[in-house]
Amino acid sequence: MRNDHPRPLDLRPGLPAFLLGFLAASFQIYLLREFSAVFTGNELTFGLFLGSWLLWGGLGSLIHLRRRAGPSTGRLAVVYVLVVVLFFAGLVVLRFSHQLLGILPAELTGLGPALGFALILSLLLSFPLGHSFVLNAGLLGGDVASVYLFESAGATAAGLFVHFLLIPRLSNWQGAAIVGAAAAVLVLAGMRPGRARLLAVPALVLAGLLFGSDPGSQRAAWRPLNLTETEDTRYGKLQVIRNEEQITLFDNGLAVFSHPDAGAAEESVHFALLQRDAVRSVLLVGGGASGGAAEALKYPGLRVDCVELDPAIIRLARKHVSGPARASLDDPRVRFFHADGRSFLVRSADRYDAILLNLPEPATAQINRYYTREFFLEVRKKLGPAGVFGFVVPSAENYISDALGLFLSSLARTLREVFPEVLAVPGANGVFLASEGPLSIDPVRLSDRMTRLGLETRQVGPGTLPSRLDPARVAYLAEKLDSPGAKVNRDLAPVSYYFHSLLWAGQFRGLETAVLRAAGRIPGFWFLDLPLGLFALGLVLLAISRPRHSAARAVIPLAVMGFTSIVVELVLFLVFQAHFGFVYGRIPLLLASFMAGLVLGALAARARKTSGRAELAAVQGGFVLLLVLVLVSLPGAGGEAVPFLLLAAFGVLGGYLFVSANRRILDETKHPGLGYGVDLLASFVGVILASALIIPLFGVAAVVLRLIVLNALCFLFLLVPSSAR
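Predicted, not measured: the structure shown is a model, and the values here were computed from it.

Novice: Quick question: what am I supposed to make of the packing of helix α10 (residues 262–273) against helix α11 (residues 288–296) here?
Specialist: Geometrically, a packed helix pair is captured by the angle between its two axes and the distance between the axes. At a minimum axis distance of 8 Å, the contact between α10 and α11 shows a crossing angle of 35°. As α10 packs across α11, the resulting crossing turns out to be right-handed. Touching Ala265, Glu266, Val269, His270 and Leu273 of α10 are Ser290, Gly291, Gly292, Glu295 and Ala296, all from α11. Split into classes, the residues belonging to the contact of α10 with α11 amount to 4 nonpolar, 4 polar and 2 charged.

Pasting the structure below:
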C-alpha cells in the first residue's frame, strides 16, 4: 500500500482527489449557510453541523473494505455523482424542515431537531466523501500524501470559487446548483464514469431545477406566511414577510425588525435622548431602517449617523417600509454608512451626544462583540461630555428567571466596568442607559421633557411611563442586576453569549438546557486541567510500555494536530473579528491561508523519502512555538496580517505532520484512511467543545494556554525512545 520513494506529482490521476476536496468544501459551505437560515444559526448550531460533518467524515475514512476487484475511477465516479444528487436532496429537505417538523417557518426550534438534521445530512454526504479518501488512496497505489495534497488543493479552490465568485452574485441554491453541475461535468470529462454516466444526466437536470426554483420553493416553504421578497447576501439570507400592513424582515431566520412597530422604535431612542436638554448628534448602530432614525429626527436640530453592515437591509427597507420610517431614509439630516459598526466607531473622528445600539441581543459571538467591555470602552471614547449610550435587550415585565438574571446582570456589570452611571428601564424589553453624567428614569421628569419638546409618541409617553417606571418594578430589576454571580463580558471571554444560549435553550426544556446549565456550574479544572492530566498519564503509560504497533506514536500527534488546528482556527476567527471587524467577509481568505499551508506542508513532506521520530518531534515543537505566538497575538499585536500568517504556518506544519505521520502508520496498518479519520475525529471533538462551551465559559487565553501544554506533552512524548521501559 505504501511507496517510500514518492513518484513525480502527476496531476491527471489526482483529479478524483482534487474533486473530493472541492466537493467536500463547497457542499459544506452551502449546507452551513442554509442550515444557519433554517435553524437561526449561532455558534451552537454551527458547532453541531460542523461537528456532525467531521464525525461522519472521520468514520467514513476509517472504513477499509478489502475487495477482490481493485479500486477504479468508475466506482469513485458513481460515489461522487450520487453525493451530488444527495446534496441537492439535502438542500430541499433543509428548506422544508419546519414543515416536516410540523411547525411554522418562523418558529424557533431547540438543539434536538438541529442535531437530528445535522447528523442525517452529514451521514448521507460526509460519510461517503470520507470513505472516498480511502478509495482515492487505492487509485494512487497507497500514496496517501498525494491524496491529501490534491484534496487540500481542491478545498482551497472551492473556498475561493464559492466565496468570491458565487456568493456575491447568486443565491445559495443557484450557487449550489452550479457547484453540483460543475462537479458532474468534471466527472464526465476527467474520469471514467462507467455507470455514473447514466447518473450524471439526472444530476445535471436536478441542478437546472434547483437553479430555477429558488424563489418559488422559498415561498412554498414559508406558507401559510406570505414571503414577499428574499435575497441572499454575503452576510446571510434576508426574507421579507408581509402580514396585511405589517412587514417583518428576517435575517437567517431571526426577526431583525417589524414595521410598523412604534413601541420598539420609541424605546430604543427616547429613554436615551430624553436624558439631555441639547442633543445635536446621534449615532445609530443598526435600527435606522426600522424607525429609529425617524424617532430621533423628532428632536430639533439633530444630525443622525446610521451604520448598517448589509446594504441590502436598507435597500429592502426602501421598498417595504412606509410613513416617517421611509421618509427618514432620504432625509438630508440622516447619513447612512455601510460598514461593520464596531470598526466604524473605532475609525470615526466624530464625537456624539448619544450612541444607540439597536442590534439583536448577543445570540452569537459575532453580535456579542457589541456588548463587551472593550466595545463599551470605544463607545465612551466617542461620546461627548455627559453623552449617553443606550441599548435594548429582551427582559421580562414582572418575573426575571435565574437564567435571564444571569444574562442581564452580566451586561450590567460589564457596563459598570466602563461607565460610572448605569440605569436600566424595566419592561418586556429592558433598556440599558450608561453615561459619565447623571441619568434619571423618573417618570415625571421624562414626561415633562417630552411635553416641552412636543414629541408625539404611541407607546413611550406620559400615559405609559408612570406604570412602566413604577418604583417597585425599578427596584426589583436593580436587585436582579446586582447579582453576585455576574461576570464581565469580554471580546475573548464572551460569557454573555453563553448566558443567552442558556436562556434560549430554556424555551424548549430539552436535554440542551440541562447540558448547558451543568456546564456552567462545572469548575474550569474539570473541563481544562483534568483531561490534560489524564492525557499526560496515558502518554507516560504508553512510553514505558512496548506497544505492539509503533504506529501509536504517529497516531497520537495526528490526533493532537487535528484537535489543535480546529480550535486555533476558531480562536483566530474570534480574534480577527474582535480586533479587525466583521470576520465572515474574510473567512474565505483565512481558510484559504490554512489550506494553502496544508498544500505546501504536504509537498515538503512528500519530497522526503523517510520520516523519523526526530522529525515528528521537531514538527510538534513547531506547534508549541506557534501557539506561543498565538497567545502573544491575542491583544491584536502585529495587525490584520498576523492571523493570516499564523493560519498559513499552522497549515504548513499540519500538512507536513500528516504526511510524515502517515508514513509510519502505513508501515504497520496498511490502512490508508486511518490517519485521515483520526484527524477528522479529533477535529470533531475540538469543534463541539470549543465553539459551544470552553471558549465562552473560560475565554480564549485559557484555551490557548491549555493547547500549549497539550502540544508540549506530545512533544516530550515523541522525544522518548520507543524502546524505553
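Next, the rest of the story.
Novice: How should I be thinking about the sheet that holds strand β2 (residues 236–243) in this particular structure?
Specialist: By way of backbone hydrogen bonds, the strands of a sheet pair with one another, either parallel or antiparallel. With respect to topology, 4 strands assemble into an open sheet ordered β1-β2-β3-β4, the strand pairing being antiparallel. Sheet topology places β1 (226–233) and β4 (254–259) at the edges, where each strand pairs with a single neighbour. Across the sheet, the mean angle from the axis of one strand to that of its neighbour is 20°, orientation sign disregarded. As defined by bridge partners, β1 adjoins β2 across 7 bridges and the pair is classed as antiparallel. The partner of Asp232 across the bridge, within β2, is Lys237. Running over the sheet, helix α9 (residues 214–222) touches β1, β2 and β3 (246–251) and is turned about 130° from β1.

Novice: How should helix α5 (residues 111–139) be read in this particular structure?
Specialist: Over its 29 residues, α5 extends 40 Å from the first C-alpha to the last, a length consistent with the 42 Å expected when each residue adds 1.5 Å. Most pronounced at Leu123, the bend in α5 amounts to some 40°. Just downstream of α5, Gly141 is the residue with a positive phi angle, here 65°.

Novice: Just to check I follow, could you spell out the layout of surface pockets for this structure?
Specialist: Sizing a probe to match a water molecule and rolling it over the atoms shows the empty space that remains. Counted as a void, the second largest pocket has a volume near 490 Å³. Along the wall of the second largest pocket there are 20 residues; nearest its centre are Pro531, Phe563, Val685, Leu689 and Leu710. Counting residues per element, the lining of the second largest pocket draws most heavily on helix α28 (residues 674–698), at 6 residues. Its residues assigned to classes, the lining of the second largest pocket shows 18 nonpolar, 1 polar and 1 charged.

Rules used throughout
- Residues numbered from 1 in each chain as written.
- Predicted model: local features only at pLDDT ≥ 70, side-chain atom pairs only at ≥ 80, totals over all residues.
- Heavy atoms only, no water.
- Axes fitted to C-alpha atoms, helices over the stretch in contact; angles between N-to-C directions.
- Helix = DSSP H or I, 4+ residues; strand = E, 2+ residues; numbered from the N terminus.
- Left-handed = near helix turned anticlockwise from the far one by under 90°.
- Contact = heavy atoms within 4.5 Å.
- Nonpolar A, V, L, I, M, F, W, Y, C, P; charged D, E, K, R; others polar.
- Pairing = 2+ DSSP bridges.
- Expected span 1.5 Å × (residues − 1).
- Bend = angle between axes of the 7 residues up to and from the residue.
- 1 Å grid on protein atoms, 1.4 Å probe; cavity = no way out; pocket = protein on both sides within 12 Å on 5 of 7 lines; lining within 4 Å.
- Points joined across faces, edges and corners; volume = space filled by probe spheres on them.

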